[in-house]
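# Descriptive analysis of the structure
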Amino acid sequence: MTGMVTEIQRFALNDGPGIRTTVFLKGCDMHCAWCHNPETINAGRELHYYADQCIGCFKCVSACPSKAHKRIDGVHRFYRNLCIQCGQCAQVCYAGAMVMSGEEMTIAQIMKQIIQDKPYYDDSLGGVTISGGETLCQLDFALELTKACQAENIRVGVETNLNRPLAVARVLLGQVDLIMCDFKLFDSQAHRHWTGIGNETIKENLQRLDELGIPYIVRTPVVPGVTDSDENIAAISGFLKHCKRMRYYELLNYNPLGAPKYQSLSRLDPFKGAKPLPKARMRELASIAARAGIPIRIDD
Ligand code: SF4
Ligand code: SF4
């Protein structure tokens, strides 16, 4: 069995407790307008072009079977419309201007990397986080990876948008050690507007997540002008009051690091120039959430 992976990030400190290795799977059923990992949304491979990294070596020109790279007046030009995503140019571009996102990997290939840091997981109570994209879009693969980790006594957490019926998702979510899920917008129409999908399944799952007996964390990415209203945070935190196994509700400040990726993929960035919220505003939102009597954290 293989899975489509965009990145394996070792020594990750922000994807769950302790020191972790995060495996990012490709493909997502939502299209959040502010996504800071836009390369993980589509299920297939995608080529990034970082023009400012190009050193004009022209190795890509001879490597490309479809003539998508050209040397014109001594300058490198890239024609994305001709690209067939074969990845040859990324293999010869040592300057890092051409980077391919998405690699078919076996469980054994991934485990070879994961196992190297086992002593760090053990010492820090960390482990592996399966993320995306959306983990549940590669459910069978994520389940096999979870089993392989647990066979090595490595704890597994998953990040998920929770947008699959629990009857389908529980085969994985009921097996892991920690679930980290998003609840972005309380109003379903607004949720659909900004992510492409309504939030009915998410709400239903959150009402039943305690059934699984697995601890979970619920998070809201605080996006300027989208999820950052008092009303949204108050409504979500009020909804979470009954969640007995929830460790805490976390507010994650807007992450602007995705901006160069939009450019490298030749995509429009709807949040170009947007900035994280001031710390004082994050604290204000946290105090609104705290009125629901649930444990709160902020990552500002
Ligand atoms: S291989 Fe990379 S650095 Fe060399 S010309 Fe092509 S894009 Fe530029
Ligand atoms: S991925 Fe393949 S087809 Fe696309 S530009 Fe690179 S070498 Fe050419």
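Enumeration according to the criterion identifies seven aromatic pairs in this entry. Ring geometry for Tyr49 versus Phe78: centroids 5.2 Å apart, planes at 70 degrees, classification edge-to-face. Of this pair, Tyr49 sits in strand β3 (residues 46–49) while Phe78 sits in strand β5 (residues 75–78), and the two are 29 residues apart along the sequence. Comparing Tyr49 with Phe78, the two get one shared label, buried. For the pair Trp194 and Phe271, a centre-to-centre distance of 5.9 Å together with 50 degrees between the ring planes defines the contact as tilted. One end of the pair, Trp194, is in helix α7 (residues 188–195); the other, Phe271, is in the loop between α10 (259–264) and α11 (279–290), and 77 residues separate them in sequence. Owing to a relative accessible area of 26%, Trp194 belongs among the partly exposed residues under this scheme. Clustering of aromatic rings is evident, with ring pairs tying together Phe183, Phe186 and Phe239.

Around ligand 1, the surrounding shell consists of Cys54, Ile55, Gly56, Cys57, Phe58, Cys60, His76, Cys93, Ala95, Ala97 and Met98. Taken together, the residues of the shell around ligand 1 break down into nine nonpolar, two polar and no charged.

Moving on to helix α3 (residues 107–114). When α3 is considered as a whole, its buried residues turn out to be Ile107, Ile110, Met111 and Ile114. Seen end-on, α3 carries its buried residues on one side only, within an arc spanning 100 degrees. Every exposed residue of α3 that faces more than 90 degrees away from the buried side is listed here: Ala108 and Lys112.

This part covers the packing of helix α9 (residues 230–239) against α11. Relative orientation of the contacting elements α9 and α11 amounts to 40 degrees, with a least axis distance of 8 Å. Along this stretch, α9 crosses α11, giving a crossing that reads as right-handed. Across from Asp230, Ile233, Ala234 and Ser237 in α9, the residues of α11 making contact are Arg281, Leu285, Ile288 and Ala289. Grouping the amino acids of the contact of α9 with α11 by side-chain chemistry returns five nonpolar, one polar and two charged.

With that settled, the discussion passes to the domain arrangement of the protein chain. Taken domain by domain, the protein chain comprises domain 1 (2–43 + 102–299) and domain 2 (46–96). One C-alpha centre belongs to domain 1, the other to domain 2, and the line joining them spans 33 Å. Opposite the nine residues of domain 1 that make contact, domain 2 presents six residues. Buried surface at the junction of domain 1 and domain 2, summed over both partners, amounts to about 620 Å²; 45% is from carbon and sulfur atoms. Counting the contacts that link domain 1 with domain 2 gives two salt bridges. Its salt-bridge partner being Glu46, residue Arg267 comes within 2.4 Å of it at the nearest N-O pair.

Before going further, it helps to examine the pairing of strand β1 (residues 2–12). Examined bridge by bridge, β1 and strand β7 (residues 103–106) share four bridges and lie antiparallel to one another. In the strand pairing of β7, Gly3 is matched with Met105. Strand direction decides the pairing type here: β1 and strand β2 (residues 20–25), joined by five bridges, are antiparallel. Looking across to β2, one finds that Ala12 is bridged to Arg20.

In this section: helix α5 (residues 139–151). An α-helical segment advances 3.6 residues per turn. Residues three or four places apart therefore align on the same side. Compared with the 18 Å implied by 1.5 Å per residue over 13 residues, the 18 Å span of α5 between its first and last C-alpha is a close match. Considered for burial, the residues of α5 that qualify are Leu139, Phe141, Ala142, Leu143, Leu145, Thr146 and Cys149. Just beyond α5, the residue with positive phi is Asn153, at close to 60 degrees.

Bringing the pairing of strand β8 (residues 127–131) into the picture now. Most of β8 sits inside the fold, with five of its five residues counted as buried. Here β2 runs beside β8; their pairing, made up of five bridges, is parallel. Bridge pairing links Val23 to Ile130 in β8. Here β8 pairs with strand β9 (residues 156–160) via three bridges, running parallel. Looking at β9, one finds that Ile130 is bridged to Val158. Following the backbone out of β8, through α5 and into the adjacent parallel β9, one traces a crossover that is right-handed.

The rules behind each value
- Residues numbered from 1 in each chain as written.
- Chains lettered and ligands numbered in written order.
- Predicted model: local features only at pLDDT ≥ 70, side-chain atom pairs only at ≥ 80, totals over all residues.
- Heavy atoms only, no water.
- Phe/Tyr/Trp six-rings, centres within 6.5 Å; stacked < 30°, edge-to-face > 60°.
- Helix = DSSP H or I, 4+ residues; strand = E, 2+ residues; numbered from the N terminus.
- Buried < 20%, exposed > 50% of the residue type's maximum accessible area, 1.4 Å probe, protein only.
- Near = heavy atom within 4 Å.
- Nonpolar A, V, L, I, M, F, W, Y, C, P; charged D, E, K, R; others polar.
- Arc of directions from axis to C-beta.
- Axes fitted to C-alpha atoms, helices over the stretch in contact; angles between N-to-C directions.
- Left-handed = near helix turned anticlockwise from the far one by under 90°.
- Contact = heavy atoms within 4.5 Å.
- Domains from an automatic or database assignment.
- Buried area = accessible area lost by both parts, 1.4 Å probe.
- Salt bridge = Lys/Arg side-chain N within 4 Å of Asp/Glu carboxyl O.
- Pairing = 2+ DSSP bridges.
- Expected span 1.5 Å × (residues − 1).
- Right-handed = clockwise from strand over helix to strand, strands pointing away.

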